[in-house]
Amino acid sequence: MSRIGKLPIKLEDKVKVAVANGVVSFEGPKGKLQVKLPAPEIKVEVKDKALIITRPNEDRQVRARHGLTRAILANAAKGVATGWEKTLAIRGVGYRAEVKGKQLHLSLGFSHPVVFNLPEGVTAEVAKTPRTEDQLPTVDVMLRSADRQLLGEVAVQIRALRPPEPYKGKGIKLSTETVRRKEGKTGTA
């Protein structure tokens, strides 16, 4: 039995779940999500405010999808109950960000401003971090969503607009990411 797949998913009181035709629907205070099961042979049932995921046999492919299905459903259950959050750190002199409606306006050192349209279900909030003497100014962008996969994709798309460079650390990075710094060239006189 899969170590992850055999664990039941405990549902909070405010989360409602419905299983029908290979689709599991979640509804909670943070939104609604529908998850299509990655494997049709995996069975999902609701018992005593918990989701139980079972597999019919010990076939290698079925075993592999058992834990995957449980992880995807657990992410959806947590997302509609409490939501997911990712923080992006924008570092650089003159680098700015602001939210206008469903758009994120970024100033990233290009000759033009960059406008990123946030997809449905993702919200953004901007906070400025106080500057220390040895650091570049930092702006934090908090992204929130009930859908963990969509949130990760949006964070990576925003990061790709100006990836962090290794010499000064300027650019956009995930708050959990560590940028490996390089030493610059040394001039010889």
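Residues numbered from 1 in each chain as written. Predicted model: local features only at pLDDT ≥ 70, side-chain atom pairs only at ≥ 80, totals over all residues. Heavy atoms only, no water.

Draft legend 1. Here's a closer look at the overall build of the protein. When helices and strands are counted, the protein shows 2 helices and 13 strands. Taken over the C-alpha trace, the protein has a radius of gyration of 21 Å; the compact-globule value for 189 residues is 16 Å, which it surpasses by more than 25%. Taken over the C-alpha atoms alone, the protein extends approximately 75 × 40 × 25 Å along its principal axes. By the burial criterion, 36% of the 189 residues in the protein qualify as buried. (Helix = DSSP H or I, 4+ residues; strand = E, 2+ residues; numbered from the N terminus. Rg over C-alpha atoms; globule rule 2.2 N^0.38 Å. Buried < 20%, exposed > 50% of the residue type's maximum accessible area, 1.4 Å probe, protein only.)

Draft legend 2. Seen up close, the nonpolar core. If you look at the biggest cluster of nonpolar residues, it comprises 22 residues, and the most contacted ones within it are Leu88, Ile90, Leu106, Val141, Leu143 and Ile158. For this core, the secondary-structure elements that each account for two or more residues are strand S7 (84–91), strand S9 (103–107), strand S10 (114–117), strand S11 (122–129), strand S12 (138–145), helix H2 (148–159) and strand S13 (171–174). At 4 residues, H2 tops the list of elements feeding residues into this core. Core analysis: the next-biggest nonpolar cluster, separate from the first, contains 21 residues, Val15, Leu33, Leu73 and Ala77 among them. (Core = buried A, V, L, I, M, F, W, Y, C linked by side-chain atoms within 4.5 Å.)

Draft legend 3. Structural detail: the environment of Gly184. If you trace the backbone, Gly184 turns up in the segment after S13. Placed 134 residues apart in sequence, Gly184 and Ala50 show a C-alpha to C-alpha distance of 55 Å.

Draft legend 4. Spotlight on the sheet that holds S9. Spatially, the 3 strands line up as an open sheet ordered S8-S9-S10, and their pairing is antiparallel. In this open sheet, the two edge strands, each paired with only one partner strand, are strand S8 (96–100) and S10. In this sheet, adjacent strand axes meet at a mean angle of 20° when their direction is disregarded. In this sheet, S9 lies alongside S8 in antiparallel orientation, the contact comprising 5 bridges. In the sheet register, Lys100 faces S9, and the bridge partner there is Gln103. (Pairing = 2+ DSSP bridges. Axes fitted to C-alpha atoms, helices over the stretch in contact; angles between N-to-C directions.)

Draft legend 5. Structural context of the packing of aromatic side chains. Summed over all chains, the structure comprises 0 aromatic pairs. Above the face of the Trp84 ring, Lys78 is positioned so that its terminal group lies 3.9 Å from the ring centre. Cation over ring: Arg148 sits above Trp84, and NZ or CZ is 4.3 Å from the ring centre. (Phe/Tyr/Trp six-rings, centres within 6.5 Å; stacked < 30°, edge-to-face > 60°. Lys NZ or Arg CZ within 6 Å of the ring centre and 35° of its normal.)

Draft legend 6. Looking closely at the sheet that holds strand S4 (residues 31–36). In space, the 3 strands of this open sheet follow the order S2-S3-S4, with antiparallel pairing throughout. The sheet terminates laterally at strand S2 (16–20) and S4, the two strands that pair on one side only. When the angles between neighbouring strand axes are averaged without regard to direction, this sheet yields 15°. Of the pairings in the sheet, the one linking strand S3 (residues 23–28) to S4 comprises 6 bridges and is antiparallel in character. When the bridges of S4 are listed, Ser25 appears paired with Gln34.

Draft legend 7. Looking closely at the environment of Ala50. Inspection of the secondary structure assignment puts Ala50 in strand S6 (residues 50–54). By relative accessible area, which is 10% here, Ala50 ends up buried. In this structure, the C-alpha to C-alpha distance between Ala50 and Leu11, residues 39 residues apart in sequence, is 5.4 Å. Apart from residues no more than four positions distant in its own chain, Ala50 is found in contact with Pro8, Ile9, Lys10, Leu11 and Glu45. (Contact = heavy atoms within 4.5 Å.)

Draft legend 8. Expanded view of unusual backbone geometry. Located in the positive-phi region is Asn21, a residue other than glycine, with phi close to 55°. Counting through the fold element by element, Asn21 comes out in the loop between S2 and S3. Residue class for Asn21 comes out exposed when judged on its relative accessible area of 80%. Backbone geometry at Asp48 places phi at a positive 50°, although glycine is not the residue there. Residue position: Asp48 is located in the loop between strand S5 (43–46) and S6.

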